[in-house]
Amino acid sequence: MAGNRTFTMIKPDAVKAGHIGAILKMMNDAGFKIIAMKYTKLSPEMAGKFYEVHKERPFYGELVEFMSSGPIVAAILEKDNAVEDFRKLIGATNPAEAAPGTIRKLFAKSLGENAVHGADSDENAKIEGNFHFAGTEMFD
Ligand code: UDP
Ligand code: MG
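My aim in this report is to walk through the structure given alongside it, one point at a time. Just so it is clear, the model here is predicted, and its values are computed rather than measured. (Residues numbered from 1 in each chain as written. Chains lettered and ligands numbered in written order. Predicted model: local features only at pLDDT ≥ 70, side-chain atom pairs only at ≥ 80, totals over all residues. Heavy atoms only, no water.)

Moving on: the overall build of the protein chain. Along the backbone of the protein chain there are 7 helices and 4 strands. Beginning at the N terminus, the succession of helices and strands in the protein chain can be written as β-α-α-β-α-α-β-α-α-β-α. For 140 residues, the compact-globule formula gives about 14 Å, and the C-alpha radius of gyration of the protein chain, at 14 Å, lands near that figure. Over its C-alpha atoms, taken along the principal directions, the protein chain stretches across nearly 35 × 35 × 30 Å. When the accessible surface of the protein chain is summed, it comes to about 7,500 Å², and 55% of that surface belongs to carbon and sulfur atoms. With 17 positive and 19 negative side-chain charges, the protein chain shows a separation of 3 Å between the mean positions of the two kinds. (Helix = DSSP H or I, 4+ residues; strand = E, 2+ residues; numbered from the N terminus. Rg over C-alpha atoms; globule rule 2.2 N^0.38 Å. Areas by Shrake-Rupley, 256 points an atom, 1.4 Å probe, with all protein chains shown as cover. Lys, Arg positive; Asp, Glu negative; His and termini not counted. Charge placed at Lys NZ, Arg CZ, Asp CG, Glu CD.)

As a further point, take the site of ligand 1. As a matter of local geometry, ligand 1 sits amid Lys-11, His-54, Phe-59, Leu-63, Arg-87, Thr-93, Arg-104, Leu-111, Gly-112 and Asn-114. Within the backbone of Gly-112, a nitrogen or oxygen atom sits 2.8 Å from an oxygen atom of ligand 1. Between ligand 1 and Asn-114, the relevant distance is 2.9 Å, taken from an oxygen atom to a side-chain nitrogen or oxygen of the residue. Within the complex, 81% of the 500 Å² of free accessible area of ligand 1 lies under protein. Among the detected pockets, ligand 1 sits in the largest pocket. (Near = heavy atom within 4 Å. Polar contact = N/O pair within 3.5 Å; in protein donor to acceptor, adjacent residues only side chain to side chain. 1 Å grid on protein atoms, 1.4 Å probe; cavity = no way out; pocket = protein on both sides within 12 Å on 5 of 7 lines; lining within 4 Å. Sits in = over half its atoms within 2 Å of the grid points.)

A few words now on the nonpolar core. Ranked by internal contacts, the top residues of the largest apolar core, which has 20 residues, are Phe-7, Met-9, Tyr-51 and Met-67. Listed by contribution, the elements that provide at least two residues to this core are strand S1 (5-10), strand S2 (33-40), helix H3 (44-50), helix H4 (60-67) and strand S3 (72-78). Counting residues per element, this core draws most heavily on H4, which supplies 5 residues. Setting aside residues up to four positions removed in sequence, Tyr-51 forms contacts with Met-9, Lys-11, Tyr-60, Leu-63, Met-67 and His-117. If you look at the next biggest cluster of nonpolar residues, it comprises 19 residues, including Val-15, Phe-32, Ala-75 and Ile-90. (Core = buried A, V, L, I, M, F, W, Y, C linked by side-chain atoms within 4.5 Å. Buried < 20%, exposed > 50% of the residue type's maximum accessible area, 1.4 Å probe, protein only. Contact = heavy atoms within 4.5 Å.)

As a further point, take the packing of aromatic side chains. By the definition in use, this model includes 4 aromatic pairs. When the centroid spacing of 5.3 Å and the interplanar angle of 85° are considered together, the rings of Phe-32 and Phe-86 count as edge-to-face. Of the two residues, Phe-32 is situated in the loop between helix H2 (20-29) and S2 and Phe-86 in helix H5 (residues 82-90); the sequence distance between them amounts to 54 residues. Each of the two residues, Phe-32 as well as Phe-86, counts as buried. With centroids separated by 5.7 Å and ring planes inclined at 65°, the aromatic side chains of Phe-50 and Phe-131 adopt a geometry described as edge-to-face. Of this pair, Phe-50 sits in helix H3 while Phe-131 sits in helix H7 (residues 122-132); the two residues are 81 residues apart in sequence, bridging distant segments of the chain. Its relative accessible area of 10% is what places Phe-50 among the buried residues. The cationic tip of Lys-79 hangs over the ring face of Phe-32; the distance from NZ or CZ to the ring centre is 5.7 Å. (Phe/Tyr/Trp six-rings, centres within 6.5 Å; stacked < 30°, edge-to-face > 60°. Lys NZ or Arg CZ within 6 Å of the ring centre and 35° of its normal.)

Dropping the structure here:
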């Protein structure tokens, strides 16, 4: 059975460009409810740990540097079939390949600086949500 929560971040490029409000509105309009949310900044150590699965990939260093370069918005969102539906809302990793109307198509700058993160499985959504939030910061 598909879970009902996912984890997202509005990445430093989209924050810097002033797109927080527009992106949150798209999440809201698509039916996602906010369970937890914070405006924060990742240290290089935290970004490195968050993206540890990509450690061996050639873009890892650049990704860690980018994700710790400025503030982000981190959030846990709730909706039926949350992980899959949210990945559809954000679009493909590379904005050049993202479907029209998706968050990445509208706001991402490049493959690396692609505006938003979305968890890729129920299991990772839970791990990533718990990485950023204490139980006392989650409200349903
Ligand atoms: N990324 C990159 N170069 C690549 C692939 C990915 O810089 O060739 C970055 C990009 O910011 C992406 C993140 O690494 O969002 C994580 O990659 P993943 O394959 O998990 O993509 P996502 O799940 O974010 O769509
Ligand atoms: Mg991923």
